[in-house]
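Structural overview for review
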Amino acid sequence: VGSALAAARKNNASSSPTANNTSALAANGEGVSPAYVEFLRQQQDLVKLHCSADEIIASVSEFSALRHEEEAKKLTEALELLQMAEGSTNWNWKSQYNGPTLSKDAQLELYDEQLKHADDLPNIVELQHQQQLLVRLKQQHCTGAAAEDEASMAGIFKPTLENGIRRFDRLIKEFSASQLDAAPLVRVSDDILVQLDHVLGQQQLSELLLEINDRILVISEKHRECCAARDQAHEDGVMDVEERESYRLADLGEELSNAQAEKVRILSRLLDEVNVNMAVRDAYDKKSQEEIGALEAE
């Protein structure tokens, strides 16, 4: 507007016939009264103001038209975006202004009374219980010299338990600073912690086979001694001793076979338990992934 006003004044100053006539009259010194000269100057100023007003009005009109065009464009884009949003959610909010109907049409899972309020407190009790479970499992199964052996069950699961305790501590801090309910998140790890407790509570292979291995060693030693006694009796020609040791050797052989069969049964039972644990682990892992996906979708 200012530039338009300046341009109008410049054009008027250079092209106004009244200004030229007034200057010419003054230069020629003709008999013109001062009042008439003043009147001509006022006419000149009036013409300038009139031209400036026309320029300003034209500029304002053009500016208003541009603004109106931009606003109309934005309004059209907003309406298109709104229609796209309404079409993607398969409901129309413009005609629904009450809570129950809106919740039904939009398929909302939470109603007004379930929404958070300023005085709501976070629910972290179940998170604390799960962290305490990890601490208890670590104290029961991952302490002492066994925890330093990376090949043992205690050494294998010790880093897992320690990382879990730290992560639960972080979750408790985050939820404590909010108004959120940790129950949906706890459900993700609940089954896994139960399975972890079950796995850590099982005996290791060395412990399961300790008794039967000792029994096999004892029988094997008796079998070796019996063989030596029989061979010695054979060399000495003591037939009754050789016969007795042969019967005893047969009994020890049968006893050793039974012990070996018992060891195979223990290993077979352990293998079945491992397969069951693997299947349960895969099922829990799949379930956890689905629950995590549901939480992310919310």
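About the criteria used
- Residues numbered from 1 in each chain as written.
- Predicted model: local features only at pLDDT ≥ 70, side-chain atom pairs only at ≥ 80, totals over all residues.
- Heavy atoms only, no water.
- Helix = DSSP H or I, 4+ residues; strand = E, 2+ residues; numbered from the N terminus.
- Expected span 1.5 Å × (residues − 1).
- Buried < 20%, exposed > 50% of the residue type's maximum accessible area, 1.4 Å probe, protein only.
- Contact = heavy atoms within 4.5 Å.
- Core = buried A, V, L, I, M, F, W, Y, C linked by side-chain atoms within 4.5 Å.
- Salt bridge = Lys/Arg side-chain N within 4 Å of Asp/Glu carboxyl O.

Along its 24 residues, helix 6 (residues 153–176) runs 34 Å from first to last C-alpha, staying within 8% of the 34 Å computed at 1.5 Å per residue. All of the buried residues along helix 6 are Ala154, Gly155, Lys158, Leu161, Gly164, Ile165, Phe168, Ile172 and Phe175. Elements in contact with the buried residues of helix 6: helix 5 (125–141) and helix 7 (183–200).

In this fold, Gln195 is placed in helix 7. In contact with Gln195, not counting residues within four places along its chain, are Asn277, Val280 and Tyr284.

Bringing the nonpolar core into the picture now. Leu127, Leu134, Leu137, Leu161, Leu193 and Leu196 are the most contacted members of the largest nonpolar core, which totals 17 residues. The set of elements that each furnish at least two residues to this core consists of helix 5, helix 6 and helix 7. A total of six residues in this core trace back to one element, the largest contributor, which is helix 6. Discounting chain neighbours no more than four positions away, the residues touching Leu193 are Gln130, Leu133, Leu134 and Phe168. Within the second largest apolar cluster, seven residues are counted, among which are Ile212, Leu256, Ala259 and Ile266.

Enumeration over the complete set of coordinates arrives at 10 salt bridges. Across the pair Arg67 and Glu71 runs a salt bridge, and its minimum N-O distance is 3.6 Å. Of this pair, Arg67 and Glu71 both sit in helix 3 (residues 34–89), four residues apart, roughly one helical turn. Since its relative accessible area comes to 47%, Glu71 is described here as partly exposed. One salt-bridge network, in which partners are shared between bridges, spans Arg244, Glu245 and Arg248.

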